[in-house]
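Listed below, chain by chain, are the residues.
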Amino acid sequence: MLATPAQLAHTTDLNLVIRYVLAGLGHGIHAGRERGAGVEFSEYRAYAPGDEWRRVDWKLLARADRYFVREAERDSHVAVWLWLDASASMAEPSRSVAGLDKLQYARAVLACIAAIAQRQGDAFGLIVCGGGRVKFTPAARGPRQMQRILAQLSRTEAQGSLPPAETLRASLHFARSPSLVFAVSDYLDWPSAQSEALLRLRHMRHDVRALCLQTDAECDAGFADGSAWRDPEAGKGLFRFESQAYLKNRADHFAGMAADCRRSDIRTLDARIEQSLQTVLRAWLRQAGRA
Amino acid sequence: MNSLWWLALAVLLLPVWWHRQKRERTNAQPLATARFLPRADPQQQRVWRWTDRVLLLMRCLLLTALIALLADLTLPWRGDTVLVTPGTDAEWLERHVAETGFSGAARLTTADPLGWLAVHEREWKAGARLLVAGNVSMPAVRPQFCHKVELRTLASPLPKSEHRVAIVSKRTAQWRALFAALDGYVVTDTPDAKSELIIWDVPDAPPAGMRAPLWWVGDATAFPELRGAASAEGMRYADSARGRLWSAAPAADAGAARSMFETWQRLHYAPVPYLAPSQLLAASPGQAAPVAGALRDILMMVLAALFALERILAHASRR
């Protein structure tokens, strides 16, 4: 099991992460509307790598000597959108676990969500905000979409800043039907173009869930007083660490963010990347499941 | 004037400035939550650091060598010295060296000690004394040096010289009489390449290619150049491809012979230099030392070597 984030830091294979993390999690994020009414058979489709073996029609295999998968008409009307912040600040490493950073953690979390959505038969898409641009993968179903999303996630690197507000606004046309938005970020820019977009989505009656990634050192002000740091997104300029001011500013910032989210009914979960992935995922899904 | 070039050493600041780099503060690492921290002044450590130190050294040396060359660098390194003309009597020299207290001094042999000293005087240290001994000719003006110079002179015997005179004449006896009383003159009947004077007193033309510094022509039919030539005191003279031509006739009396001989000697032989009297030349400190250029060759070589090295290093550092 990938019990500790230290082990997570050592793998880049998101499939592996998904298999381990989801082993004890079950399938559901939300109650599908068609559940219990019986899974209506719709069509056969050629087997594609990644399909579950139990969905292969063995009788048809015996007849046709080919693998076919039973596609069932059990599509939910809920599309799942995975929102990944890939700005430079997401490269913040864990100061206690070597090789682990926020982006890696966010990738693993979103890969697990995608896997769950796929098992559930939901359509899922990906939005990556980073390098001043929005990378948009349209929502779809099935194992191929899963591979596409995983490849996209693996390719993502933390760089640049968040895209400008107008770019984001232009990208929001994707969400017409009611959908579930899982947004993973560090939310250090708030208010920002990203926060604006999330609030807007919420006002469009989408269910927005925010996972705020932090590190132990950030939360506990675990840096030497007087040490010099620079902002990965702001460019030039030096900052001197003072724990008192730091803790106060940080608390004010996240208090403001929490207030905004509460006002707009966006559920947020703070997670430290040193925490076990399963714990965090379970807590986040439980929050989601209650919706 | 030359020493003003040393002010150009300020140019050395240029390569130093070019090679200097202020060290950037590099130990600031990115921190995502740095925005919650107060902004600090960008701290650059005030540490001077030089890149390409060897190249910098080469460039500084190159400039220094160039300035030293322009400033005519001379390092005074000579102490008490005795300057001797060649061929000076050794016994006389030792006596005078002992008299003047130059026993342990270095010795230099040079034909023109005062002229050589005037050029190289900057090579002597400030308190050095000099003794110039031997057959020193007297300069036109009294020489002035920054150092105290003792001058001891001794006329050396004139070297035995031989002058060849060729006489081609029917009046040979009369011409020979002119040289009979003189010492050091070899009179022959056949001119050769060494002849300094050819007396030609026959109507026939001399063989082609025969040359001499001076011809005395008794019969001008062989030398058409003399016919319309200028004359002075009844004597015609002209320049020809063979040498200078004088019209001459055997001297009638002793006075005419002497006057002819003296004219020849005055116009064709350099005067024997006059011996300078022994004396003490006091130091005249205000005397500006002349351009020496003693280290010029060495500095030029150093400059060329440094330039080559500098180019090589600059090329290598760009790679």
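Note that this is a predicted model, so its numbers are computed, not measured.

Draft legend 1. Focus on the overall build of chain A. In terms of helices and strands, chain A carries ten helices and ten strands. The burial tally for chain A puts 50% of its 291 residues in the buried class. As displayed, chain A has an accessible area near 13,800 Å², and 49% of this comes from carbon and sulfur atoms.

Draft legend 2. Looking closely at the pattern of salt bridges. Considering all chains together, one arrives at 26 salt bridges over all chains under this definition. The salt bridge partner of A:Asp260 is A:Arg263, with a shortest N-O separation of 3.0 Å. Here A:Asp260 pairs with A:Arg263, and both are found in helix H9 (residues 243-264), just three residues apart, close to one helical turn. The shortest N-O distance in the salt bridge between B:Arg152 and B:Glu150 comes to 3.3 Å. Note on B:Arg152: relative accessible area 17%, which makes it buried. Each of A:Asp189, A:Asp231 and B:Arg35 takes part in a single network of salt bridges with overlapping partners.

Draft legend 3. A look at helix H4 (residues 113-120) of chain B. Residue and element names in this part refer to chain B. Where H4 is concerned, the buried positions are Pro113, Leu114, Leu117 and His120. The buried residues of H4 occupy an angular sector of 140 degrees when projected down its axis, which confines them to one face. Of the surrounding elements, those touching the buried residues of H4 are strand S5 (81-84), strand S7 (129-134) and strand S8 (148-153).

Draft legend 4. Inspection of the sheet that holds strand S6 (residues 179-185) of chain A at higher detail. Residue and element names in this part refer to chain A. As summarised here, the arrangement of the six strands in space is S5-S4-S3-S6-S7-S10, forming an open sheet in which the pairing is mixed. One side of each edge strand has no neighbouring strand; the edge strands of this open sheet are strand S5 (133-140) and strand S10 (267-272). Here the average twist between neighbouring strands, direction ignored, is 15 degrees. Of the strand pairs in this sheet, strand S7 (residues 207-214) and S10 are connected by six bridges, and their pairing is parallel. Among the inter-strand pairings, Cys212 is bridged to a residue of S10, identified as Asp270. Contacts from helix H7 (residues 193-203) reach strand S3 (79-85), S6 and S7 within the one sheet, and its direction differs from that of S3 by about 165 degrees.

Draft legend 5. Highlighting the interface of chain B and chain A. The interface is formed by 18 residues belonging to chain B together with 25 residues belonging to chain A. Summed over both sides, the interface of chain B with chain A buries roughly 2,200 Å², with 62% coming from carbon and sulfur. Summed over the three residues of chain B that lose the most area to chain A, namely B:Leu31, B:Arg35 and B:Phe36, the buried surface amounts to 32% of that side. Across the chain B-chain A interface, the total number found is two salt bridges. In this structure, the connection of chain B to chain A is made through eight residue pairs in polar contact (both at pLDDT 80 or more). For the side of chain B that touches chain A, the elements supplying multiple residues, two or more each, are strand S2 (29-30) and strand S3 (39-40) of chain B. Classifying every residue of the side of chain B that touches chain A gives ten nonpolar, four polar and four charged.

Draft legend 6. Just the packing of aromatic side chains, in detail. Tallying each qualifying case throughout the model produces 25 aromatic pairs over all chains. Between A:Tyr47 and A:Trp53 the ring centres are 5.4 Å apart and the planes differ by 20 degrees, which places this aromatic pair in the stacked class. Using a relative accessible area of 25% as the deciding quantity, one classes A:Tyr47 as partly exposed. Centroid distance B:Trp264 to B:Tyr269: 5.8 Å. Interplanar angle 70 degrees. Geometry classified as edge-to-face. On the basis of relative accessible area, B:Trp264 is assigned to the buried category, the value being 1%. Judged by its relative accessible area of 24%, B:Tyr269 falls in the partly exposed class. Taken together, the ring pairs connect B:Trp175, B:Phe179, B:Tyr185, B:Trp216, B:Trp246, B:Phe261, B:Trp264 and B:Tyr269 into an aromatic cluster. The cationic tip of B:Arg20 hangs over the ring face of B:Trp17; the distance from NZ or CZ to the ring centre is 4.4 Å.

Draft legend 7. View of the environment of A:Ser94. Residue and element names in this part refer to chain A. By the element assignment, Ser94 lies in the loop between S3 and helix H4 (102-120). Judged by its relative accessible area of 7%, Ser94 is buried. Along the primary structure Ser94 and Ile273 are separated by 179 residues, whereas in three dimensions their C-alpha atoms are 7.2 Å apart.

Draft legend 8. Structural context of the sheet that holds strand S16 (residues 279-281) of chain B. Residue and element names in this part refer to chain B. Read across the sheet, five strands follow the order S6-S5-S7-S8-S16 without closing on themselves; strand pairing throughout is mixed. Single-partner strands in this sheet number two, and they are strand S6 (106-109) and S16. Neighbouring strand axes in the sheet, compared pairwise and without regard to direction, differ in orientation by 20 degrees on average.

Draft legend 9. Geometry of the confidence of the model for chain B. Model confidence for chain B is summarised by a mean pLDDT of 85, while 93% of its residues fall at 70 or above. Two numbers describe this predicted complex: its pTM, 0.51, and its ipTM, 0.75.

Draft legend 10. Local environment of helix H2 (residues 14-21) of chain A. Turning to H2(A), its buried residues are A:Leu14, A:Val17, A:Ile18 and A:Val21. Buried residues of H2(A), seen end-on, are gathered within an arc of 100 degrees and therefore sit on one face of the element.

Draft legend 11. Structural detail: the pairing of S6(B). Residue and element names in this part refer to chain B. Inspection of the sheet shows S5 paired to S6 by four bridges, in the parallel sense. Paired with Leu83 across the two strands is Leu108, which belongs to S6. Once you follow S5 into helix H3 (residues 90-100) and on to S6, the crossover reads as right-handed.

Rules of the game
Residues numbered from 1 in each chain as written. Chains lettered and ligands numbered in written order. Predicted model: local features only at pLDDT ≥ 70, side-chain atom pairs only at ≥ 80, totals over all residues. Heavy atoms only, no water. Helix = DSSP H or I, 4+ residues; strand = E, 2+ residues; numbered from the N terminus. Buried < 20%, exposed > 50% of the residue type's maximum accessible area, 1.4 Å probe, protein only. Areas by Shrake-Rupley, 256 points an atom, 1.4 Å probe, with all protein chains shown as cover. Salt bridge = Lys/Arg side-chain N within 4 Å of Asp/Glu carboxyl O. Arc of directions from axis to C-beta. Contact = heavy atoms within 4.5 Å. Pairing = 2+ DSSP bridges. Axes fitted to C-alpha atoms, helices over the stretch in contact; angles between N-to-C directions. Buried area = accessible area lost by both parts, 1.4 Å probe. Polar contact = N/O pair within 3.5 Å; in protein donor to acceptor, adjacent residues only side chain to side chain. Nonpolar A, V, L, I, M, F, W, Y, C, P; charged D, E, K, R; others polar. Phe/Tyr/Trp six-rings, centres within 6.5 Å; stacked < 30°, edge-to-face > 60°. Lys NZ or Arg CZ within 6 Å of the ring centre and 35° of its normal. pLDDT = per-residue confidence, 0-100. Right-handed = clockwise from strand over helix to strand, strands pointing away.

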